[in-house]
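Take a look at the letters that make up each chain.
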Amino acid sequence: MIYTVTFNPAIDYVIKVDNLTLGEINRTTREYIFCGGKGINVSHVLANLGMESVGLGFIAGFTGDVIEKGAKELGFAPDFIRVREGMTRINVKVKSNEESEINGMGPVIHDDELQKMYEKLDELQDGDVLILAGSIPATLPSDVYEKIMERLQEKDIRIVVDATKDLLLNVLKYHPFLIKPNNHELGEMFGVVLKTNDEIVEYAKKLQEKGARNVLVSMAGDGAILITEAGDVHVTPCPKGEVKNSVGAGDSMVAGFVTGYLRSNGDYNEALKMGTAAGSATAFSEDVATGEKIMSLYETFLLKTQ
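Residues numbered from 1 in each chain as written. Predicted model: local features only at pLDDT ≥ 70, side-chain atom pairs only at ≥ 80, totals over all residues. Heavy atoms only, no water.

Enquirer: Help me get a handle on the overall build of the protein chain, residues and values and all.
Expert: When helices and strands are tallied, the protein chain shows 10 helices and 14 strands. Relative to the compact-globule value of 19 Å for 306 residues, the protein chain shows a C-alpha radius of gyration of 19 Å, a close match. In terms of principal-axis extent, the alpha carbons of the protein chain reach across some 55 × 45 × 40 Å. Looking at the protein chain residue by residue over its 306 residues, the buried ones come to 52%. A sequence separation of at least 24 residues applies to 63% of the contacts in the protein chain between residues at least 6 apart. Accessible area of the protein chain: about 14,500 Å², with a carbon and sulfur share of 48%. In the protein chain, the 31 positive side-chain charges and the 45 negative ones have mean positions that sit 2 Å from each other. (Helix = DSSP H or I, 4+ residues; strand = E, 2+ residues; numbered from the N terminus. Rg over C-alpha atoms; globule rule 2.2 N^0.38 Å. Buried < 20%, exposed > 50% of the residue type's maximum accessible area, 1.4 Å probe, protein only. Contact = heavy atoms within 4.5 Å. Areas by Shrake-Rupley, 256 points an atom, 1.4 Å probe, with all protein chains shown as cover. Lys, Arg positive; Asp, Glu negative; His and termini not counted. Charge placed at Lys NZ, Arg CZ, Asp CG, Glu CD.)

Here it is as structure tokens:
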């Protein structure tokens, strides 16, 4: 089974306002509501690709009810822990002359509630896939990813970590199966600006030296580079299309990669192509991409890159 963890899910309220004016009443011209959070996005795309997953995380209040209901509608199994203080956050994204965001605080997660999460994760079995995605709420210890991986290190679980900077660097000693920084995040970890594929490969290998097994570096419109645990380097270009949305593209790439890897019985080249197709399909969509759009891009892309 594939498990995703979203520690701080959100309801994303996306609105379009013509000529936003502060201090005045503004009216929306378009509005959308999505269940947000990186792990939720991953599970959503997995479901669109016909893959089952269980979504873990914390919810609270009436907004938590919306997340739980939304997960079922998106096609994956919710197994969220309900916490007693606060409410699941609402993030308001305003699209006008400029784009602005107002992100909610999220609930307070107490130690006993975090312990319930550890106990759920302790039930994972050899062969499962665990995807840890996104930031850590302020009410949780900053080393929570490390603690999870330490508890599971004796099991044969493929752990994927999609996080940034120290949150990612600190888990490398537990040898995650896959990490997915983008090229800018990779450079920031080492205080450099990466301009060429060779430089990206060089610094990705430094993450392998620190413990990562496979490193997938996304490069937006320039495609992606995968350095496998065997030392092989796979480079794939990005399909061409009109970019409509950047939210969830990285999460879609993770979902596509895992799908491609599992369906091909461990073929990294196929995993990379499926990941790139999924990430691109979401970038070319208003929301995360449908399975049909991903597979259409994948099939077209595969023919061009064989």
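Enquirer: Lay out the sheet that holds strand E3 (residues 28-36) in plain terms, naming residues and giving numbers.
Expert: Strand order across the open sheet formed by four strands is E3-E2-E7-E8, with mixed pairing between neighbours. In the strand order of this sheet, the two ends are held by E3 and strand E8 (99-103), each with one partner. Mean inter-strand twist for the sheet, computed between neighbouring axes without regard to direction, equals 15°. In this sheet, E3 lies alongside strand E2 (residues 10-17) in antiparallel orientation, the contact comprising eight bridges. Opposite Lys16, over in E3, you have Arg30 as the bridge partner. (Pairing = 2+ DSSP bridges. Axes fitted to C-alpha atoms, helices over the stretch in contact; angles between N-to-C directions.)

Enquirer: Lay out helix H3 (residues 111-122) with the relevant residues and their values.
Expert: For H3, built from 12 residues, the straight-helix expectation of 16 Å at 1.5 Å per residue is met to within 8% by its first-to-last C-alpha distance of 16 Å. Burial in H3 covers these residues: Glu113, Leu114, Met117, Tyr118 and Leu121. The buried residues of H3 occupy an angular sector of 155° when projected down its axis, which confines them to one face. In the core, the buried residues of H3 are packed alongside strand E1 (2-6), strand E4 (53-59), strand E6 (81-82), strand E9 (129-133) and helix H4 (144-152). (Expected span 1.5 Å × (residues − 1). Arc of directions from axis to C-beta.)

Spatial relationships are all this shows, so hold off on functional conclusions.
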